[in-house]
Amino acid sequence: MAQIRIRNTNERIEGEAQVKAFLDSQNVVYEHWDASKLPETLREKFILSDEEKAAIISTYEEEIRDLAARRGYEIWDVIALSDSTPNIEELLKKFEQVHTHTEDEIRAIVSGRGIFIIKSESEVGYFDVELEPGDVISVPENTNHFFTLMDNREIVAVRLFIEKDGWVAYNIDDPEFTKA
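Going by the annotation in an unreviewed UniProt entry, the name recorded for the protein chain is Acireductone dioxygenase, with Paenibacillus germinis given as the source organism. For the record of the protein chain, the UniProt heading Pathway (unreviewed entry) holds the text "Amino-acid biosynthesis; L-methionine biosynthesis via salvage pathway; L-methionine from S-methyl-5-thio-alpha-D-ribose 1-phosphate: step 5/6." Looking at the protein chain in UniProt, the text filed under Subunit (unreviewed entry) is "Monomer."

Shown next as structure tokens:
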């Protein structure tokens, strides 16, 4: 289950109802899919063949299609990142830059863990959303944010897109952001 850390105060928000209520107040969509649906052979596997990625999509096809119908997504894929990923350091540097998109950024975590760092429109400032398998999050368009891996540096996620070219990042130099 996702957890939130408010960076300015180090306050933590835990529990599905509390996390959802906070994220709702920030216009961030949060849902939870059944992580146990994933076949055992794909759990904790971070190097995936195209066939294994297709199996993940097939496993969550009902949830993906439901979400796509509600939110206007046209295409989706699976991303797997770990220390075995070629050029992982360059990818993380690219990911760890505060940016915005002209469409919302959504991820459904299948395996591993990751963090979205999101800027609130209120006095809350930046907050971290720590995600684990089953967590689904959609960061609104034009919202300062970035995504990165947790200490174990392993994640598999389904990403959904409105545009066929995926998200285009517009980097932001925000003086209010400081690395934690």
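Past the structure itself, the notes keep going.
Student: Describe helix α1 (residues 16-25), and please don't skip the residues or the numbers.
Tutor: Residues of α1 that are buried: Val19, Phe22 and Leu23. For α1, the buried positions fall inside an angular range of 95° around the axis, keeping them on one side. Across α1 from its buried face, at more than 90 degrees, point the exposed residues Ala17 and Ser25. Where α1 is buried, its residues touch β1 (3-6), β2 (12-13), β3 (29-32) and β8 (126-131). Asparagine 27, located one to two residues past α1, shows a positive phi value of around 65°.

Student: Lay out the packing of aromatic side chains with the relevant residues and their values.
Tutor: What the rule picks out here adds up to five aromatic pairs. Between phenylalanine 22 and phenylalanine 127 the ring centres are 5.0 Å apart and the planes differ by 90°, which places this aromatic pair in the edge-to-face class. Residue phenylalanine 22 is located in helix α1, and its partner phenylalanine 127 is located in strand β8; the two are separated by 105 residues in the primary sequence. Across this residue pair, the class does not change: phenylalanine 22 and phenylalanine 127 are buried. Three or more aromatic residues joined by ring pairs form one cluster here, namely Tyr126, Phe146 and Phe177. The cationic tip of arginine 107 hangs over the ring face of phenylalanine 147; the distance from NZ or CZ to the ring centre is 4.2 Å.

Criteria and thresholds
Numbers given for residues are sequential positions, taken from 1 along each chain in its written order. Given that the model is predicted, a residue must reach a pLDDT of at least 70 before its local features are reported, and side-chain atom pairs must reach 80 or more before they are shown or counted; all residues, however, enter totals for whole chains, interfaces and linings. The side-chain figures draw on all heavy atoms in the structure; neither hydrogens nor water molecules are used. UniProt positions are given in the numbering used here, feature names are shortened, and annotations may be inferred rather than shown by experiment. To sort residues, take the accessible area from a 1.4 Å probe on protein chains only and compare it with the maximum for the residue type: under 20% means buried, over 50% means exposed, and anything in between is partly exposed. Counting from the N terminus, the helices are the DSSP runs of H or I reaching at least four residues and the strands are the DSSP runs of E reaching at least two. Think of the arc as the fan of directions from the helix axis to the C-beta atoms. Should any heavy atoms of two residues lie within 4.5 Å, those residues are counted as being in contact. Put simply, two rings from Phe, Tyr or Trp (the six-membered ring, in Trp's case) pair if the centres are within 6.5 Å, and we call them stacked under 30 degrees between planes, edge-to-face over 60, tilted for the rest. Here, a charge over a ring is recorded when the distance from Lys NZ or Arg CZ to the ring centre is within 6 Å and its angle to the ring normal is within 35 degrees.

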